[in-house]
Amino acid sequence: KAIGILEVMKSAGELMLVEDEQEALDIAIQSLEKQEPKKPIRDEIEDIIRCPNCKSSMLMDNVCFKCGQALDWVGYKNDK
């Protein structure tokens, strides 16, 4: 819900916001989006698990060590 509010604020104020304010809203939106857990991606070609946000290889952690994306492992199978 907060992401939607910030996006509305950003689009409504595009003509009135200075560059620093636009950037601050972008960072806030990106940070909130990373808090919403996403399913990891299984890279079949390299046989590794990747972050759905930054695509870096990873272990089965709750958060990506590189970008901070929250991860949802519920129902994930590490089958080959």
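Residues numbered from 1 in each chain as written. Predicted model: local features only at pLDDT ≥ 70, side-chain atom pairs only at ≥ 80, totals over all residues. Heavy atoms only, no water.

1. Describing the sheet that holds strand β3 (residues 57-58)
Consideration 1: Spatial strand order, β1-β2-β3: 3 strands in an open sheet with antiparallel pairing. Whereas interior strands pair on both sides, the edge strands pair on one side only; in this sheet they are β1 (41-43) and β3.
Consideration 2: Summarising the sheet, strand β2 (residues 48-50) and β3 pair through 2 bridges and their orientation is antiparallel. The partner of Ile-49 across the bridge, within β3, is Met-58. (Pairing = 2+ DSSP bridges. Helix = DSSP H or I, 4+ residues; strand = E, 2+ residues; numbered from the N terminus.)

2. Details of the environment of Cys-54
Consideration 1: Secondary-structure assignment places Cys-54 in the loop between β2 and β3.
Consideration 2: As for Cys-54 and Cys-67, which are separated by 13 residues in sequence, their C-alpha atoms are 6.5 Å apart.
Consideration 3: Not counting the four nearest positions on each side in its chain, Cys-54 is found in contact with Cys-64, Lys-66 and Cys-67. (Contact = heavy atoms within 4.5 Å.)

3. Details of the pattern of salt bridges
Consideration 1: On inspection of all chains with the given rule, the structure shows 5 salt bridges.
Consideration 2: Two residues, Lys-39 and Asp-72, come together in a salt bridge whose shortest N-O distance is 3.4 Å. One end of the pair, Lys-39, is in the loop between α2 (19-35) and β1; the other, Asp-72, is in the segment after β3, with 33 residues separating them in the sequence.
Consideration 3: Residue classification places Asp-72 among the partly exposed positions, given a relative accessible area of 23%.
Consideration 4: One salt bridge in this structure joins Arg-50 and Asp-43, with 2.9 Å as the shortest N-O distance. (Salt bridge = Lys/Arg side-chain N within 4 Å of Asp/Glu carboxyl O. Buried < 20%, exposed > 50% of the residue type's maximum accessible area, 1.4 Å probe, protein only.)

Taken by themselves, the reported measurements are silent on function.
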